Amino acid sequence: MKIKLGVSALVLAATTFVSAASAQDAVRVAFVPQIQGIPYYVAMEEGAARAAEEFGVDYIQQGPTSTNASDQLRIFESFVSQGVDVVGVSPVDVETLKPAIAKARAAGVNVITSDADAVGSERQFYVAQAFDQDLGYTILDEMIERTGEDAKIAIISDAPTIASLNAWIAAIQERAKSAYPNVEIVSVDHTDGTAARAFQFATDAMTRNPDLDGIIGIASTTCPGIGQAVEASGKQGQIVTAGFCSPNTVKDYVMSDAMTYSVLWNPADLGYLMVWAAQQVAEGNDFADAPTVPGLDANVSWHSDSNILLLGDPMVFTKENIEQFNF
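Computed from a prediction, not measured in an experiment: that's the story for all the values here.

Turning our attention to the pairing of strand S2 (residues 58–61). Neither face of S2 is open: one carries Asp58 and Ile60, the other Tyr59 and Gln61, and all of them are buried. Of the pairings in the sheet, the one linking strand S1 (residues 28–32) to S2 comprises four bridges and is parallel in character. If you follow alanine 30 over to S2, its bridge partner there is isoleucine 60. For the crossover that starts at S1, traverses helix H2 (residues 39–55) and ends in the parallel S2, the hand is right-handed.

Take a look at the structure:
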């Protein structure tokens, strides 16, 4: 079951969702992304829906219309009140969600995270796309390969409360310090989740630093704005730009040289893995160290020390391969 609803419609939909699931005796899984409707989460929903059909799971996904922690909290609590078996969430603000996660667990609702974690909460496990360190290292290594080790780089992220994005920034900074000591990170800016704000920060970074070598976007929401800023400045091919962005979000910019490359994973595979994992926890099953997930071609691994179910290694999308992907 795949239904798109606004926050105010969730209560109205609760009876339909619960009764349909009960009639089928299916595991009911809900997921709350950081934001609704962007290509990345659409692809994740498509993968989740495919898994739901494959495994006989009832699935629903709904997020806020902007990266707003309060709106995300209301949606999360609405799903919990419906009595679904598993609620997954990609937190906008971990601290905002911690009490709600604890309350849900006390009520017997399984809570997992995916796409972004809620470290320090009572979530049961995290379905991760790749380790934070691997993502941060990969995107910086790819940039230094193109700019050289004396690069000046600006970083533009989404909301400063999103823990996963902050972890990727920290990994980039740590990698720069340990492996590329001559790299200068000239700025780290946080947007409001809009391309317009990313455009402004990218333009400002290039204006303040005429010798800027690179810009890294730390969320799919930042990539279009960065690409637009490079095009507006006429610096296609002159400045190396990258981001953690879905291929469809940046394909036009990559082909025009306004965006050099993207580092990500397949969000459809992540959604698929999340639904499979949610069914396992709902049914009381444990994970093997290297789980076999029917219908998923990925090197999935279970890390019991941190309760992380890992999809695999990051992927790098460039002009040479980006048209092979559609998400």
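One open sheet accounts for seven strands, arranged S2-S1-S3-S4-S5-S12-S11; its pairing is mixed. A single partner strand is all that each edge strand has here, and the edge strands are S2 and strand S11 (301–303). Across the sheet, the mean angle separating the axes of adjacent strands is 20 degrees when strand polarity is ignored. In the packing of H2 onto the sheet, the strands contacted are S1, S2 and strand S4 (110–114), and the crossing angle to S2 comes to about 170 degrees. Helix H3 (residues 69–81) rests against S1, S2, strand S3 (86–89) and S4 of the sheet, and its axis sits at about 175 degrees to S1.

Put simply, the largest pocket is a space of about 230 Å³. In terms of lining residues, the largest pocket is bounded by Trp265, Asn266, Asp269, Asp297, Ala298, Asn299, Leu311, Gly312, Asp313, Pro314, Met315 and Phe325. Residues belonging to the lining of the largest pocket are distributed by class as follows: six nonpolar, three polar and three charged.

Turning our eyes to something else, we now look at the packing of H2 against helix H10 (residues 267–282). Each pair of packed helices can be summarised by the angle the axes make with each other and by the distance between the axes. One way to put it is that H2 packs onto H10 with a least axis distance of 6 Å and a crossing angle of 40 degrees. In terms of axis orientation, H2 runs oblique to H10. The crossing of H2 and H10 is right-handed. Residues Tyr40, Ala43, Met44, Gly47, Ala48, Arg50, Ala51, Ala52, Glu54 and Phe55 of H2 pack against Pro267, Ala268, Asp269, Leu270, Gly271, Tyr272, Met274, Val275, Trp276 and Gln279 of H10. Of the residues in the contact of H2 with H10, the class split is 14 nonpolar, three polar and three charged.

This part is about the packing of aromatic side chains. Each pair of aromatic rings is reported with the distance of its centres and the angle of its planes. On inspection of all chains with the given rule, the structure shows 12 aromatic pairs. With 5.2 Å between their ring centres and 90 degrees between their planes, phenylalanine 125 and phenylalanine 287 make a pair best called edge-to-face. Here phenylalanine 125, found in the loop between S4 and strand S5 (126–128), pairs with phenylalanine 287, found in the loop between H10 and S11; they are 162 residues apart in sequence, far enough to count as distant. Taking relative accessible area as the criterion, phenylalanine 125 reaches 5% and is therefore assigned buried. Centroid distance phenylalanine 317 to phenylalanine 325: 4.9 Å. Interplanar angle 80 degrees. Geometry classified as edge-to-face. Put simply, the rings of Tyr40, Tyr41, Trp168, Phe244 and Trp265 touch in pairs and so form one group of aromatic residues.

The next point concerns empty space enclosed by the protein. As enumerated under the stated definition, the model contains one cavity of 30 Å³ or more in all. Taken as a whole, the largest cavity spans an internal volume of roughly 200 Å³. What lines the largest cavity is a set of 19 residues, among which Gln34, Tyr41, Asp115, Ala219 and Ser220 lie closest to the centre. Contributing elements (two or more residues each) for the lining of the largest cavity: H2 and helix H6 (163–179). No other element matches the three residues that H6 contributes to the lining of the largest cavity. Classifying every residue of the lining of the largest cavity by side-chain character gives 12 nonpolar, five polar and two charged.

Along the polypeptide, glycine 237 turns up in the loop between helix H8 (223–233) and strand S9 (240–243). Taking the C-alpha atoms as reference points, glycine 237 and serine 256, separated by 19 residues in sequence, lie 8.5 Å from one another.

Here we take up the confidence of the model for the protein chain. Per-residue confidence for the protein chain averages 92 on the pLDDT scale, and 93% of its residues sit at or above 70. Low pLDDT, under 50, characterises residues 1–23; the predicted model gives this stretch 38 contacts beyond four residues in sequence or across chains.

Pairing in this open sheet of six strands is mixed, and the strands run S7-S6-S8-S9-S10-S13 from one edge to the other. For this open sheet the edge positions go to strand S7 (184–190) and strand S13 (315–317), each flanked by a neighbour on one side alone. For this sheet the average axis-to-axis angle between neighbouring strands, irrespective of direction, equals 20 degrees.

The next thing to look at is the environment of glycine 284. By secondary structure assignment, the location of glycine 284 is in the loop between H10 and S11. Along the chain, glycine 284 and leucine 310 lie 26 residues apart, while their C-alpha atoms are 19 Å from each other.

Attention shifts here to the pairing of S1. Where a strand is regular, its side chains alternate between the two sheet faces. Among the five residues that make up S1, five are buried, leaving the element largely enclosed by the rest of the structure. Covered by surrounding structure in S1 are Arg28, Ala30 and Val32 together with Val29 and Phe31, the residues of both alternating faces. Pairing of S1 with S3, which is carried by four bridges, proceeds in the parallel orientation. Bridge pairing links alanine 30 to valine 87 in S3.

Scoring rules and cut-offs
- Numbering of residues starts from 1 in every chain and runs along the sequence as written.
- Predicted model: local features are reported for residues with pLDDT of at least 70 only, side-chain atom pairs are reported and counted for 80 or more only, and whole-chain, interface and lining totals are derived from all residues.
- Working from all heavy atoms in the structure, the side-chain values ignore hydrogens and water.
- Using a 1.4 Å probe on the protein chains alone, a residue whose accessible area is under 20% of its type maximum counts as buried, one over 50% counts as exposed, and one in between counts as partly exposed.
- Counting from the N terminus, the helices are the DSSP runs of H or I reaching at least four residues and the strands are the DSSP runs of E reaching at least two.
- Strands pair, by our definition, only if DSSP identifies at least two bridges between them.
- Crossover handedness is defined by viewing with both strands directed away from the observer: a clockwise path from the first strand over the helix to the second marks the crossover as right-handed.
- Axis definition: a line fit to C-alpha positions, over the contact stretch in the case of helices; interaxial angles, taken between N-to-C directions, run 0 to 180 degrees.
- A contact between two residues is defined here by any heavy atoms of the two lying within 4.5 Å.
- A 1.4 Å probe that fits but cannot get out identifies a cavity on a 1 Å grid over protein atoms alone, an open set with protein on both sides within 12 Å along at least five of seven lines counts as a pocket, and a residue lines either if it has an atom within 4 Å of a point.
- Grid points are joined across faces, edges and corners, and a volume is the space filled by probe spheres set on the points.
- Three classes are used: nonpolar for Ala, Val, Leu, Ile, Met, Phe, Trp, Tyr, Cys and Pro, charged for Asp, Glu, Lys and Arg, and polar for all others, with Gly counted as polar.
- Under this scheme an angle from 65 to 115 degrees is roughly perpendicular, one under 35 degrees roughly parallel, and one over 145 degrees roughly antiparallel; angles in between are oblique.
- Should the near helix be turned anticlockwise from the far one by less than a right angle, the crossing is left-handed, and should it be turned clockwise, the crossing is right-handed.
- The pairing test for Phe, Tyr and Trp rings, Trp by its six-membered ring, is centres within 6.5 Å, and the orientation test on the planes gives stacked under 30 degrees, edge-to-face over 60, and tilted for anything in between.
- The score called pLDDT rates the predictor's confidence residue by residue, from a low of 0 to a high of 100.

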